[in-house]
Amino acid sequence: MVASISSVRLVSVSTVVPQIPTRQPCVLALSNFQSYFSFERYIKQVFYFSAPGSSALKQHDDQEEEEEDQEQKSPRIDNHDEEEFQRLVCSMRESLSRLLVPYYPLAGRMRRRERLTTIQELHCNDAGVMVVAAMANTALGDARQCPIEHELYPEPRVTKFQCGGIAVGVLTCENILDASSSFPFLRAWGEIHRGLALAVAPSFDSSVLKPRDPPQVNLPVRDYVVAPPPASTVEAMAKSSHDAIPDRQRLFHIAPDRVRELVAEVQRGRFFSSRDEPPPSSFEAISAMIWKCAADVKDLDDSESMTYIYALSTKGPKRWSPEIPCHYCGSSAHIPCLAAPVGEIRKNHISHAAKLLRDDIHSATQERIQSAIDWMELHLRAGIFVDDNFPLPRWSGRAINSNSLTAFPIYELDFGWGRPRHFSFVLDAEPGSGAAILLPTRDGGRDRHLAIRLPENQMKKLLEHQFFLKFATPV
């Protein structure tokens, strides 16, 4: 069952601040990976939970359908339900307030330095986190098709459904936290809410990704470019989106056996046929499928260039030295922008796109990334805005912005009601372009969900694309 916008009623709006005030003044310097964004970007995600105190989830499809039928017959929410929900939300606000003491920067606000308008810093002024409580006069039903996540912006939201199920929508600023930091924060919130102590205190010391002194650009910088001022970019994007074909977001399931088949298909191709070439990873294989199929459904000439944009974490012993601490809390992802002729992607075997991706990942050495950080520093100091190397104009449709969250503890979030029943991610795509994100499922392992956002006409073609549907099933 789908919850429509008209079925959702606001119950309360409140601002949560750290339980212990942060000593003032408190200003944090941001890494160039955080401050180079020309405008604030947000990660929007929703965790769906069964009714607190309910029995374990039914595992089989026929049982889930029976559960949905029962939920649709549930009575309307009464005043007692609302009072109980308000108590639950109050307890969540209290646990968040306690968590914001060590995570105090999340209650702050970003500002640009005076006279250096391109360099941003974080004022940890305890301005707080806005939390909205809402009630949906409908059953949760199949959460995978519930569009309530599109009502998130611009604040987090806790929503109770008629069946007793809870949706926790979270909005985090990508300038401050990337996925490698936001999910540990959310898991810590659940632990604090359950009365546990914080396992590891976060570090906000962005000097782990500082530029060299003096900055040294030893390798060409491909993935970042000089950008126009934010106001003109936002204005141009707003104008283009007004005339653009509406986007559609769909969720697909890639079962473990389909992942294995796709990896085998890539490995059979001539670009991976060398005995010295290790087998492709599932990330390389699925990303190559996304890139190739997107090239097929887009109305682009073979001579045009199409860019596959993905995120590469700098955390881990093999990516950065000295190793970035796992408890570092910030944006630490490098954003490679890999371009290739559309005809080359379309006409070659999928192994060609996979090999391009593999070579690009291997070329992302520490020196390449450090040169990019230093290049940003030189431009930001000079008052010049920079941004990802997104094909211009941004609404040309010549890009796919992608990410993978399969390595993150999404289904470990627990407020005391058990693991999430489902997780969804709201994709933001430039008008006319596209976005894709690879997600784990509740079953874990190689079981995958793939969320894709494309213009409506391109999504229609994708839903008829035989090669794509050989591996991905619409949910």
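Residues numbered from 1 in each chain as written. Predicted model: local features only at pLDDT ≥ 70, side-chain atom pairs only at ≥ 80, totals over all residues. Heavy atoms only, no water.

A. Expanded view of the overall build of the chain. Check the secondary structure of the chain and you find twelve helices and 20 strands. Looking at the chain as a whole, 54% of its 475 residues qualify as buried. In the chain, 81% of the contacts between residues at least 6 apart in sequence involve partners at least 24 apart. Accessible surface, the chain as shown: approximately 21,100 Å² in total, 51% of it carbon and sulfur. (Helix = DSSP H or I, 4+ residues; strand = E, 2+ residues; numbered from the N terminus. Buried < 20%, exposed > 50% of the residue type's maximum accessible area, 1.4 Å probe, protein only. Contact = heavy atoms within 4.5 Å. Areas by Shrake-Rupley, 256 points an atom, 1.4 Å probe, with all protein chains shown as cover.)

B. Region of interest: the pattern of salt bridges. Applying the stated rule across the entire model yields 20 salt bridges. With a closest N to O distance of 2.7 Å, Glu-265 and Arg-268 form a salt bridge. A residue pair is termed a helical-turn pair when its members lie 3 or 4 positions apart in one helix, as Glu-265 and Arg-268 do in helix H6 (residues 256–268) at three residues. The shortest N-O distance in the salt bridge between Arg-346 and Asp-302 comes to 2.8 Å. In this pair, Arg-346 is assigned in helix H8 (residues 342–347) and Asp-302 in the loop between helix H7 (282–297) and strand E11 (305–309), connecting sequence segments 44 residues apart. Of the residues examined, Asp-302 reaches a relative accessible area of 32% and is grouped as partly exposed. Ionic contacts of the salt-bridge type, sharing partners, join the residues Arg-222, Asp-223, Asp-360 and Arg-368 into one network. (Salt bridge = Lys/Arg side-chain N within 4 Å of Asp/Glu carboxyl O.)

C. Focus on the packing of aromatic side chains. Within the structure shown, the criterion is met by 15 aromatic pairs. Between Phe-183 and Phe-423 the ring centres are 6.1 Å apart and the planes differ by 65 degrees, which places this aromatic pair in the edge-to-face class. Of this pair, Phe-183 sits in helix H4 (residues 179–193) while Phe-423 sits in strand E17 (residues 422–426), and the two are 240 residues apart along the sequence. On the basis of relative accessibility, which here comes to 2%, the residue Phe-183 falls in the buried class. Classification of Phe-423 by relative accessible area gives buried; the value is 1%. Chaining the aromatic ring pairs together yields one cluster made of Phe-47, Phe-183, Phe-408 and Phe-423. (Phe/Tyr/Trp six-rings, centres within 6.5 Å; stacked < 30°, edge-to-face > 60°.)

D. Expanded view of the sheet that holds strand E6 (residues 129–136). Strand order in this open sheet of six strands is E1-E6-E7-E8-E3-E17, and the pairing throughout is mixed. Strands at the two margins of the open sheet, each flanked by one partner only, are strand E1 (8–16) and E17. Across the sheet, the mean angle from the axis of one strand to that of its neighbour is 15 degrees, orientation sign disregarded. Where E1 meets E6, eight bridges bridge the pair, whose relative direction is antiparallel. Looking across to E6, one finds that Ser-14 is bridged to Val-131. Across the sheet, H4 lies against strand E3 (42–49), strand E8 (166–173) and E17, angled at about 35 degrees from E3, the strand it touches most. (Pairing = 2+ DSSP bridges. Axes fitted to C-alpha atoms, helices over the stretch in contact; angles between N-to-C directions.)

E. Up close: the sheet that holds strand E20 (residues 473–474). Read across the open sheet, the seven strands follow the order E14-E11-E16-E18-E19-E10-E20; overall the sheet is mixed. Of all strands in the sheet, those with a lone pairing partner are strand E14 (337–341) and E20, marking the two edges. Direction of pairing for strand E10 (residues 247–254) relative to strand E19 (residues 448–455): antiparallel, over a ladder of eight bridges. When the sheet's bridge partners are listed, Leu-251 is paired in E19 with Ala-451.

F. Spotlight on the nonpolar core. Counting 55 residues, the largest nonpolar core has Phe-47, Leu-405 and Phe-423 as its most contacted members. If you list the elements that add at least two residues to this core, you get E1, E3, helix H3 (79–99), E6, E8, H4, E17 and strand E18 (435–440). No other element matches the seven residues that H4 contributes to this core. Two domains share this core, each providing at least three of its residues, namely domain 1 (8–52 + 79–209) and domain 2 (231–474). (Core = buried A, V, L, I, M, F, W, Y, C linked by side-chain atoms within 4.5 Å. Domains from an automatic or database assignment.)

G. Spatial organisation of the environment of Tyr-103. Looking at where Tyr-103 falls in the secondary structure, it is placed in the loop between H3 and strand E4 (109–113). With a relative accessible area of 4%, Tyr-103 lands in the buried category. Separated by 101 residues in sequence, Tyr-103 and Phe-204 place their C-alpha atoms 8.8 Å apart.

H. Molecular detail of a nonpolar patch on the surface. Together, Leu-10, Val-13 and Met-130 make up an exposed nonpolar region whose accessible area comes to about 270 Å². Relative to the elements of secondary structure, Leu-10 occurs in strand E1. Residue Leu-10 is classed as partly exposed on the basis of its relative accessible area of 48%. (Patch = residues over 30% accessible without salt bridge, like charges linked within 9 Å, V, L, I, M, F, W, Y side chains within 5 Å.)

I. Broad picture of unusual backbone geometry. For the peptide bond that leads from Gln-24 to Pro-25, omega is -5 degrees, which places it in the cis range. Among the secondary structure elements, Pro-25 is positioned in the loop between E1 and strand E2 (27–29). In this chain, Asp-213 is followed by Pro-214 through a cis amide linkage whose omega measures 0 degrees. Residue placement: Pro-214 occurs in the loop between H4 and strand E9 (224–226). The phi angle at Asp-126 is positive, at roughly 60 degrees, despite the residue not being glycine.

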